[in-house]
Amino acid sequence: MKAIVLGTLMAAVAATGATFSKSAEANELALSLCTYVQGDDTMRMRKKLRDSRVRVRDIYSGIQCNGQSLLQFAMANGSQEIGSFIVGRLSVDELQSSGDYEWAQSNGHGDTAIAQAIKERAGF
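Residues numbered from 1 in each chain as written. Predicted model: local features only at pLDDT ≥ 70, side-chain atom pairs only at ≥ 80, totals over all residues. Heavy atoms only, no water.

For the chain, the name recorded in an unreviewed UniProt entry is DUF3718 domain-containing protein, with Idiomarina abyssalis as its organism.

Enquirer: Any chance you could explain the overall build of the chain here in plain terms?
Expert: The helix and strand inventory of the chain stands at eight helices and zero strands. What you see in the chain, going N to C, is helices and strands ordered as α-α-α-α-α-α-α-α. Within the chain, contacts between residues separated by at least 24 positions form 68% of all contacts whose residues are at least 6 apart in sequence. Carbon and sulfur atoms make up 54% of the accessible area of the chain, which totals about 7,500 Å². (Helix = DSSP H or I, 4+ residues; strand = E, 2+ residues; numbered from the N terminus. Contact = heavy atoms within 4.5 Å. Areas by Shrake-Rupley, 256 points an atom, 1.4 Å probe, with all protein chains shown as cover.)

Enquirer: Would you mind showing me how to read the environment of Val54 here?
Expert: Tracing the chain through its elements places Val54 in the loop between helix H2 (42-52) and helix H3 (56-59). Between the C-alpha atoms of Val54 and Leu29, which are 25 residues apart in sequence, the distance is 10.0 Å. When sequence neighbours within four positions are dropped, the list of residues in contact with Val54 reads Leu29, Leu49 and Ile59.

Enquirer: Can you walk me through the packing of helix H4 (residues 70-77) against helix H5 (residues 80-89) in this structure?
Expert: Helix-helix packing is characterised by the crossing angle of the two axes and by the distance between the axes. Across the interface, H4 lies against H5 with an axial gap of 9 Å and an inter-helix angle of 160°. The orientation of H4 with respect to H5, classified from their angle, is roughly antiparallel. As H4 runs across H5, the sense of the crossing is left-handed. For the pair formed by H4 and H5, the contact residues are Leu70, Leu71 and Ala74 on the first element and Ile82, Gly83, Ile86 and Val87 on the second. Here the contact of H4 with H5 is composed, by residue class, of six nonpolar, one polar and no charged. (Axes fitted to C-alpha atoms, helices over the stretch in contact; angles between N-to-C directions. Parallel < 35°, antiparallel > 145°, perpendicular 65-115°, else oblique. Left-handed = near helix turned anticlockwise from the far one by under 90°. Nonpolar A, V, L, I, M, F, W, Y, C, P; charged D, E, K, R; others polar.)

Enquirer: For this particular structure, what's the right way to read the nonpolar core?
Expert: It is characteristic of soluble globular proteins that their nonpolar side chains tend to be buried jointly. Grouped together as the largest cluster of nonpolar side chains are 31 residues, with contacts concentrated most on Met45, Leu71 and Ile86. Of all the secondary structure elements, the ones that give two or more residues to this core are helix H1 (2-38), H2, H3, H4, H5, helix H7 (100-106) and helix H8 (113-122). The residues touching Met45, leaving out its near neighbours within four places in the chain, are Leu33, Tyr36, Val37, Leu70, Ile82, Phe85 and Ile86. (Core = buried A, V, L, I, M, F, W, Y, C linked by side-chain atoms within 4.5 Å. Buried < 20%, exposed > 50% of the residue type's maximum accessible area, 1.4 Å probe, protein only.)

Enquirer: Looking at this structure, how should I read the confidence of the model for the chain?
Expert: Detail in the predicted coordinates should be disregarded across regions flagged by low pLDDT. Summary statistics for the chain give a mean pLDDT of 85 and a share of 82% for residues scoring 70 or more. For the stretch residues 1-20, pLDDT sits under 50, and the model shows zero contacts to residues farther than four places along the chain or on other chains. (pLDDT = per-residue confidence, 0-100.)

This is the structure in structure tokens:
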């Protein structure tokens, strides 16, 4: 009986540790991506995504930088190159439903290269 309780306790601790590890990795990834967007560093972003084995379209809706989506953050920081890169990696449905184009229009970023790329790709 003691061995069963001990085994269960060890399994619970191991599972909890794995959960914290994955959460920490996700937070580190989000922080890195926000930093790369702010610095308009497409090369580092590509490397980070490749090393993490994730695609922008799979994580886009789950990451916010200072309360903004990655594209909004790119427009606010003048990061045109990385913003255009992100637009090219997102699905048309994601671009249409994200509200990023509308946000750009209402916040004075409608004439940026990123907003134009969204408009062309999503068909606004």
